[in-house]
Amino acid sequence: MNKDRNNFFMQEAFKQAKKALQINEVPIGAVVVFENKIIGEGFNQSIKNSDPTAHAEIIAINAAGNKKKNYRLVDCDLFVTLEPCMMCLGAIMHARIKNVYFATSDHKKGVCGGLIDLTLNKSLNHHCNFYKGLLGDESKNLLQQFFQEKRTKKNRT
């Protein structure tokens, strides 16, 4: 595992998360990497698009599939600032992503060890490698700040 490479791509995922923050979405960002090039990127847009499936991972995976002209993203890596939910894990598995790097756990919806760990299910027909903690403090702080500001604004009104 190349730490400099992985830090670079996680920083790129953070740039996407900050785009979500600018439009008042939960600040989660993702990039899909193939042969050390970003081929898909995305940030949360569920509220903006009135679409519960508009998660950062889904948008990045869709963009990568369009770029490769293939729904299979074999030998691709996904970098995401928060642990994937069940929907996103399903897309990751269907796309055949090789490695998933996520910054911090999601103890409410995460299915890669945060709430539950579906990655351990040996009956799934695809398995990928999961790595947690890359720039984890930065992600956790960004998310906590976002939700703290939301609560503060709510309590003022």
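Shown above is the structure to which this text applies.
Residues numbered from 1 in each chain as written. Predicted model: local features only at pLDDT ≥ 70, side-chain atom pairs only at ≥ 80, totals over all residues. Heavy atoms only, no water.

> How should helix α4 (residues 86-95) be read in this particular structure?
For the α-helix, the turn length of 3.6 residues means that residues three or four positions removed from each other point alike. Looking only at α4, the buried set comprises Cys88, Leu89, Ala91, Ile92, Met93 and Ala95. In the segment just after α4, arginine 96 is the residue with positive phi, at about 65°. (Buried < 20%, exposed > 50% of the residue type's maximum accessible area, 1.4 Å probe, protein only. Helix = DSSP H or I, 4+ residues; strand = E, 2+ residues; numbered from the N terminus.)

> Would you explain helix α1 (residues 3-22) in this entry?
Taking 1.5 Å of rise per residue, the 20 residues of α1 would be expected to cover 28 Å, and the 29 Å separating its terminal C-alpha atoms lies within 8% of that figure. Looking at the buried side of α1, the elements it contacts are β1 (29-34), β2 (37-43), β3 (76-80), β4 (99-102) and α5 (136-156). Here α1 starts with a cap whose side-chain oxygen sits 3.1 Å from the backbone nitrogen of aspartate 4, and that cap is asparagine 2. (Expected span 1.5 Å × (residues − 1). Contact = heavy atoms within 4.5 Å. Polar contact = N/O pair within 3.5 Å; in protein donor to acceptor, adjacent residues only side chain to side chain.)

> Looking at this structure, I do not really get the packing of aromatic side chains. What am I missing?
To describe a pair of aromatic rings, one takes the distance between the centres and the angle between the planes. In total, this model carries five aromatic pairs according to the counting rule given. A centroid spacing of 5.6 Å and a plane angle of 40° characterise the contact between phenylalanine 9 and phenylalanine 79, whose relative ring orientation is tilted. Highlighted residues: phenylalanine 9 in helix α1 and phenylalanine 79 in strand β3, separated in sequence by 70 residues. Take phenylalanine 9 and phenylalanine 79: they sit in the same class, and that class is buried. A ring pair is formed by phenylalanine 79 and tyrosine 101, whose centres lie 4.5 Å apart and whose planes are at 10°; its orientation type is stacked. (Phe/Tyr/Trp six-rings, centres within 6.5 Å; stacked < 30°, edge-to-face > 60°.)

> Help me out: how do you make sense of the side chain of aspartate 106 in this one?
Tracing the sequence through the fold places aspartate 106 in the loop between β4 and β5 (129-132). Buried within the structure, aspartate 106 lacks any salt-bridge partner; lysine 109 is the closest side chain of opposite charge, at an N-O distance of 5.6 Å. Separated by 3.1 Å, the side chain of aspartate 106 and the backbone nitrogen of lysine 109 make a polar contact. (Lys, Arg positive; Asp, Glu negative; His and termini not counted. Salt bridge = Lys/Arg side-chain N within 4 Å of Asp/Glu carboxyl O.)

> Looking at this structure, I do not really get unusual backbone geometry. What am I missing?
Negative phi characterises most residues that are not glycine, and trans characterises most peptide bonds. Backbone geometry places serine 50, a non-glycine residue, at a positive phi of 50°. If you trace the backbone, serine 50 turns up in the loop between α2 (46-49) and α3 (56-68). One non-glycine residue, lysine 69, lies in positive phi territory at about 55°. Relative to the helices and strands, lysine 69 is located in the loop between α3 and β3.

> Explain the sheet that holds β5 to me, please; I cannot follow it from the model alone.
Backbone-to-backbone hydrogen bonds join strands into a sheet, with any given pair of strands oriented parallel or antiparallel. In spatial order, the strands read β2-β1-β3-β4-β5; together these five strands make up an open sheet with mixed pairing. One side of each edge strand has no neighbouring strand; the edge strands of this open sheet are β2 and β5. The mean angle between the axes of side-by-side strands here comes to 15°, regardless of whether they run parallel or antiparallel. With six bridges joining them, β1 and β2 adopt antiparallel strand pairing. Each residue of the ladder has a partner; that of valine 33, found in β2, is isoleucine 38. In this fold α1 packs onto β1, β2, β3 and β4, with an angle of close to 140° to the strand it touches most, β1. (Pairing = 2+ DSSP bridges. Axes fitted to C-alpha atoms, helices over the stretch in contact; angles between N-to-C directions.)

> What is the right way to read the nonpolar core from this model?
Note on soluble globular proteins: their nonpolar side chains tend to be buried together. Val32, Ile61, Leu73, Leu78, Ile92, Ile97 and Val100 are the most contacted members of the largest nonpolar core, which has 28 residues in total. Those elements that place two or more of their residues in this core are β1, α3, β3, α4 and β4. Looking at which element gives the most residues to this core, the answer is α4, with six residues. Apart from residues lying up to four places away in sequence, leucine 78 is in contact with Ala30, Val31, Val32, Glu57, Ile92, Ile97, Asn99, Val100 and Tyr101. (Core = buried A, V, L, I, M, F, W, Y, C linked by side-chain atoms within 4.5 Å.)

> Whenever I open this one, the pattern of salt bridges confuses me. Can you help?
A side chain with one charge may pair with a side chain of the opposite charge, provided their charged atoms come close. One pass over the full model with this rule turns up two salt bridges. Between glutamate 12 and lysine 15 there is a salt bridge, and its shortest N-O distance comes to 2.9 Å. Of this pair, glutamate 12 and lysine 15 both sit in helix α1, three residues apart, which is roughly one turn of the helix.

In short, geometric facts, not functional conclusions.
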